[in-house]
Amino acid sequence: MKLRLYIQTTFREIKQSFGRFIAIVLIIFMGVLLFVGIKSVGPDLESSLQQVIDKQSMSDIVVQSTLGFSQQDKEQLESKLKTANIDLAYSFPVIEETKQKNLQIYDIAKKSTQNELLLQEGSLPSNADEIVVDEQLKKEYPLGSVMQLDDDGLVHKEFRVVGYVKSVLFIANAERGVTNIGDGQLHGFAYVTDDAIASDVTSIMYIQFQDLENVDMFSSEYKTKLQSYTKTLDDFLSVRKVERKEELQQDAYTTIQENETKLNEQQQELDNAKTQVSTGLSTIQNQKVNLDTQKQEVQGQIQNLQDQKATVLQQKAQIEAQYGADVANAQFEQPLQQIENGLQQANAGLVQIESGQQELVKQEATLLKTQATLLENQTKIDEAKVEIEQAKSDIASMHEATYITNQRKDLPGFSEYTSLSDRIDAIANAFPIFFFAIAILITFTTITRMIEENRKEIGTLKALGYHNGEIAIKYVLYALIASSIGIGTGVLVGTKLLPALVFTMLQSQYIIPTYETHYWSIPILIATGLSLASTLCSTAYVLVKDVREKPTVLLQPKAPKSGKRILLERFSILWSRLSFQMKVTFRNMFRYKGRSILTISGIAGCCGLMVTGFGLMSSIGAPATLQFDELQKSDAIITMESDVDQSILDQVATFITKDPKVKQVLEVYSEQVTFSGSDVSKQNASLYVLNTNTTYTEFFDLRDSSKQLSLAEDGVIISDRLAQIFDVQVGDQIEMANAQGDVYTLKVKGIAENYLGHNVYVSSTYYENVTEKAVHDNTFLVKTDHMNSRAEQDLREALMKKEGVQNVTYMSTQKDKQAKLVDSLSPVVIIIILLSGTLAFVVLYNLTNINISERERELATLKVLGFHSEEVTMHIVRENIFFTIIGIVIGFGVGYVLTWFILAMASSDLAVFPVVIKGYAYAIAAALTIAFTLIVTCITHVKLKHIHMIEALKSVD
């Protein structure tokens, strides 16, 4: 009965000290809320993405090939990857002519169950002339509008938009990747039916593993198994790239041989026809000559006959004049008749000859026309022969197949999403712990003060015969109730509200429709353990110390701390100039060192948390700014095709330099290289081969933390993160492999500052010595005046039309990506800043409250002695002002160190985050801390005005 009644006093204690009880609950609540909430955001983001992946049956690996895939590829790979489901599909880039958008076209494979689309509006295509497009292009292509897609890979050129979709291959709404057409940037994607595809060669392979179907893609089990499968796949493809080339070459040669046979047959037929025409023309020519000869002979006969006729007529006239007409007619009638008959025959022969000549002309014209046709056909055959020879040359020089193997994490948007999750986890690994440390400190102080206030009650109970355990129950129960309420509400709000709030702010950036929240056991257990430790351990610590004392000691008031000279008094020149109030303030601060240190620590911690929050916002966006404004000072990178010759390079260089926006151009050789080691993961890097005679220093600021670096003729300069990963120093050697697999050993002559990715800088002389290859520039680094996005796009489009240009990359794009990462983390940082500010207010209020309760008799005495309420308040406020100033100054240092620690944890192999805390961060943190101090001062003043002097002076403590 007595124990039950004693326990009831616990609830009476809660009621009487409700403000203190709420303060303990609130501090634990905020600590648990932030710890559990932030620690849950990363796993919840991953879980929500995993839900979409599972629902849409996303592929584990996506492989693209420059030479396409055959059924043999699928069958052989399925025999090697026993648990794999493999689907072959079509995918290729195309420019939509109406809006000039670069789109990636996919087909909706009828038999495939992988990468199912998320239909947002309309319907999926059912006819060959229908299409669904990326939802992000909804404004550009309304439902029912017609898209112009002129590509050999499509059956139709016009497609009607019937719906809008999202795809798990593109989880980030703002990220679509790059392409090799147009301006080099992919603007969206679209899906058509199989019937709309004109090609019979698939170009993309989707692979899904049955044993990974229910495995979290972020787990180590998934990553380990997938890495093993990827290695098997890469080994297979490394062999297939040659085989695939040979297969296509063989097929092409077979086709060429068939065409050559047909062409030879056509040539033979043409030659025969040409011979026939030539023979016909020759025969006609001979016939024409014969007819001309005959015509001349007949014309000669006619002339002779006409001459004979004239002679006969002349003779007839003479005879007729001598002998009369009768005699003349009788004598010349028969000769004249013979001549006339001869003329008639000759004229008839002449007519026949001329008719024959006309017929020969017609036949000749026909043969000439036929000959012209044959010549045209010969020209076509000759062109076909040239094309066949060119085809043979192209086939002979065909490159091996290039396979691009992408795991889920390599697809557009995934790296940003996983990076966001990793960054939040990094924040969660440091920030909430520090936050919790402050909460524990304040909770410990509050519990300690509560027990010390009840010393007399504890002494009375011991005198009445209560055991130590029975006495402790009340305080343990008090701490347990406060902790339980704080833990319960903190876990609930931290699990359900904080992650959901973060997701609401991020939802528009990703395709994830719903956000899953889960109760993650490890953060909850850690938060519970820390909360209980802060309350129960502090309770046990003070109780053990007090209950060991005798009742007589506990019933007496605790002896006040003795006054003594403080360090400041030794400086008499300064001490003598201080007012009485200031001397009292300093003596109290040094007299209660524990409370002073505790208050300063609490303020410094809260101020440091706010500085850290603002510092994270500045620092996360800093790598892109430092990398592309200070270290790599080019505004654009123009990448040329690998086999481009110098004349084309010169043409592109001329075109670039003529642009009025271009200020400076540097030609370099660049390529992607790989570094690997036994204990570290493979690292990709950009290699820049620079001519030391050029103005490369205008484009690259090669420096370390202490000095500028220069290219050497006997070594390379590598980025600091690369050196750190492989544990190399200046003078060491490191192995590098190029895209062809050739491995070279390089000597490290310098280690340069770098923030994004890995870069290697080498002089052309050293590169040629090491590789035994001549350097041929393939990249233009360009510095321009300020260009808006429209101007950048115009220049990119113009360059992409130039022969040999492979891609154009602007540094502004990289900066935009980094800005989006900052925007993604902003919700978390803002929440942390708000909670830090709230904690600062609670800390100040609680510690001030404890300070007042400890010194209530002292303050009441001052009021009895005639001090005004404002003077009594200033007695406390002056101490708070000093505590606040000292706490703010220390908090600046704490904030810097905490920011550095979080960024060090958040940095990855490819991204290093420098500590960048701007002046406004310190100013806002200090201003908020001061503002909270002023608010607490007002509350304190009201409370001090209502101190009951008589009751306070009657108390024994």
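Each chain has its residues counted from 1, following the order in which its sequence is written. Only residues with pLDDT of 70 or above have their local features reported here, since the model is predicted, and side-chain atom pairs are shown and tallied only from 80 upward, although totals for entire chains, interfaces and linings are computed over all residues. Side-chain numbers here rest on the full set of heavy atoms in the structure, without hydrogens or water.

Overview of the domain arrangement of the chain
Note the following rule: The split into domains, and so the bounds of each, comes from an automatic or database assignment of domains. Buried area is a sum: the accessible area each of two parts loses on coming together, probed at 1.4 Å, counted once for each and added. One side-chain nitrogen of Lys or Arg within 4 Å of one carboxyl oxygen of Asp or Glu is enough to make a salt bridge. Gly is put with the polar residues, along with every residue not named as nonpolar or charged; the nonpolar set is Ala, Val, Leu, Ile, Met, Phe, Trp, Tyr, Cys and Pro, and the charged set is Asp, Glu, Lys and Arg.
Annotation of the chain at the domain level lists domain 1 (90-207), domain 2 (263-393), domain 3 (579-624 + 811-956) and domain 4 (636-786). Counting each side, the surface lost to burial between domain 3 and domain 4 is near 900 Å², with a carbon and sulfur contribution of 60%. The tally of links from domain 3 across to domain 4 stands at zero salt bridges. Residues belonging to the side of domain 3 that touches domain 4 are distributed by class as follows: seven nonpolar, three polar and one charged.

With respect to the packing of helix α7 (residues 455-463) against helix α8 (residues 468-496)
A pair of packed helices is captured by two measures, namely the crossing angle of their axes and the spacing between those axes. Keep this limit in mind: Note on geometry: axes are C-alpha line fits, over the in-contact stretch for helices, and angles between N-to-C directions span 0 to 180 degrees. Where helices and strands are cited, they refer to DSSP runs of H or I of at least four residues and of E of at least two residues respectively, numbered from the N terminus. Two helices cross in a left-handed way if the nearer one is turned anticlockwise from the farther one by less than a right angle. They cross in a right-handed way if the turn is clockwise. Whether two residues are in contact is decided by their heavy atoms: any pair within 4.5 Å suffices.
Where α7 contacts α8, the axes come no closer than 10 Å and their chain directions differ by 150°. Relative to α8, α7 is oriented so that their crossing is right-handed. Within the contact between the two elements, α7 uses E457, I458, L461 and K462 and α8 uses N468, I471, K474 and Y475. When its residues are assigned to classes, the contact of α7 with α8 shows four nonpolar, one polar and three charged.

As for the nonpolar core
We count it as follows: For our purposes a nonpolar core is just a set of buried Ala, Val, Leu, Ile, Met, Phe, Trp, Tyr and Cys residues, chained together by side-chain atoms within 4.5 Å. Throughout, exposure labels follow a simple rule: accessible area from a 1.4 Å probe, protein chains only, divided by the maximum for the residue type, with under 20% read as buried, over 50% as exposed, and the rest as partly exposed.
Core analysis: the largest hydrophobic core is formed by 130 residues, its most contacted members being V63, L169, I207 and F209. No other element matches helix α20 (residues 811-854), which puts 13 residues into this core. Other than its neighbours up to four places away in sequence, F209 contacts D60, I61, L81, T83, A84, L226 and Y229. With 30 residues, the next largest nonpolar core counts V32, I451, V542 and L543 among its residues.

Description of the UniProt feature "transmembrane region" (unreviewed entry) in the chain
Our working rule: UniProt positions are given in the numbering used here, feature names are shortened, and annotations may be inferred rather than shown by experiment.
With numbering matched to this structure, UniProt assigns "transmembrane region" (unreviewed entry) to residues 21-38, 430-451, 472-498, 518-544, 597-617, 825-847, 881-907 and 919-939. Helix and strand shares over residues 518-544 are 89% and 0% respectively, and the end C-alpha atoms of the span are 39 Å apart.

Focus: the sheet that holds strand β10 (residues 202-209)
In plain terms, the rule: Note on pairing: two strands pair once DSSP finds at least 2 bridges between them.
With antiparallel pairing, four strands are arranged side by side in an open sheet as β2-β10-β1-β11. The strands lining the two open edges of the sheet, one partner per strand, are β2 (84-89) and β11 (403-407). Averaged over all pairs of adjacent strands, the angle between strand axes in this sheet comes to 20°, irrespective of strand direction. Examined bridge by bridge, β2 and β10 share six bridges and lie antiparallel to one another. The partner of A89 across the bridge, within β10, is I204. Contacting β1 (61-69), β2 and β10, helix α3 (residues 71-80) runs over the sheet at an angle of about 170° to β2. Packing against the sheet, helix α4 (residues 220-323) makes contact with β1, β10 and β11, and its axis sits at approximately 160° to β11.

Observations regarding the UniProt feature "coiled-coil region" (unreviewed entry) in the chain
When the UniProt feature table is mapped to this numbering, "coiled-coil region" (unreviewed entry) covers residues 256-322 and 374-401. The annotated region residues 256-322 carries 100% helix and 0% strand content, and the separation between its end C-alpha atoms amounts to 96 Å. The distance from the first to the last C-alpha atom of residues 374-401 is 42 Å, and the span holds 82% helix and 0% strand.

Observations concerning the packing of aromatic side chains
Put simply, the rule is: The aromatic pairing rule takes the rings of Phe, Tyr and Trp, using the six-membered ring of Trp, and pairs them if the centres are within 6.5 Å, calling planes under 30 degrees apart stacked, those over 60 edge-to-face and the rest tilted. Should the NZ of a Lys or the CZ of an Arg lie within 6 Å of a ring centre and within 35 degrees of the ring normal, that charge is described as sitting over the ring.
Applying the stated criterion across every chain, the model contains 14 aromatic pairs. Ring centres 5.5 Å apart and planes at 80° place the aromatic pair F21 and Y478 in the edge-to-face group. With F21 in helix α2 (residues 18-55) and Y478 in helix α8, the pair connects residues that are 457 residues apart, well separated along the chain. Each member of the pair F21 and Y478 is classed as buried. When the ring of Y106 is compared with that of Y191, the centres are 5.1 Å apart and the planes differ by 20°; the resulting orientation is stacked. Highlighted residues: Y106 in strand β4 (residues 101-108) and Y191 in strand β9 (residues 188-193), separated in sequence by 85 residues. In textbook terms, an aromatic cluster arises when at least three aromatic residues are bridged by ring pairs, as seen for Y106, F170, F189 and Y191. We note K783 situated over the ring of F699; from NZ or CZ to the ring centre the distance is 5.7 Å.

Examining the packing of α4 against helix α5 (residues 325-396)
The condition that has to hold: Reported orientations rely on four angle classes, namely roughly parallel under 35 degrees, roughly antiparallel over 145, roughly perpendicular from 65 to 115, and oblique for the rest.
Between α4 and α5, the least distance of the axes is 5 Å, while the angle of their chain directions is 165°. The pairing of α4 with α5 is recorded here as roughly antiparallel in orientation. Two packed elements cross with a definite hand, and for α4 against α5 that hand is left-handed. Residue composition of the contact of α4 with α5, by class: 37 nonpolar, 23 polar and 15 charged.

Some remarks on the side chain of T771
Which entries qualify depends on this criterion: The definition of a polar contact used here is a pair of N or O atoms within 3.5 Å, where within protein one atom must be able to donate a hydrogen and the other to accept one, and adjacent residues in sequence count solely through side-chain atom pairs.
Relative to the assigned elements, T771 resides in helix α18 (residues 764-771). The buried category is assigned to T771, whose relative accessible area is 8%. At 2.7 Å, the side chain of T771 forms a polar contact with the backbone oxygen of Y767.

Describing the pairing of strand β19 (residues 779-784)
Here β19 lies mainly inside the structure; six of its six residues are buried. Of the two faces of β19, the one carrying T779, L781 and K783 and the one carrying F780, V782 and T784 are both buried. Sheet analysis places strand β13 (residues 662-675) next to β19, joined by six bridges and oriented antiparallel. From the neighbouring strand, V665 faces β19, where its bridge partner is V782.

Looking at unusual backbone geometry
Here the phi dihedral of S57 falls at roughly 55°; this positive angle occurs in a residue that is not glycine. Examined against the element boundaries, S57 turns out to sit in the loop between α2 and β1. Phi angles above zero are rare outside glycine, and D727 is one such case at about 55°. Assignment of secondary structure puts D727 in the loop between α17 (720-726) and β16 (733-737). Using a relative accessible area of 61% as the deciding quantity, one classes D727 as exposed.

Observations regarding the pattern of salt bridges
Within the structure shown, the criterion is met by 18 salt bridges. Note that E753 is salt-bridged to R703, the shortest N-O span being 3.0 Å. With E753 in the loop between β17 (743-752) and β18 (759-763) and R703 in the loop between β14 (683-690) and β15 (716-719), the pair connects residues that are 50 residues apart, well separated along the chain. In terms of burial, E753 and R703 fall into one category: buried. Of the charged contacts in the structure, one is a salt bridge between D704 and K707, with a shortest N-O distance of 3.1 Å. The class of D704 is buried, set by a relative accessible area of 18%. Owing to a relative accessible area of 47%, K707 belongs among the partly exposed residues under this scheme. Salt bridges sharing common partners tie together D73, R240, E243, R244 and E247.

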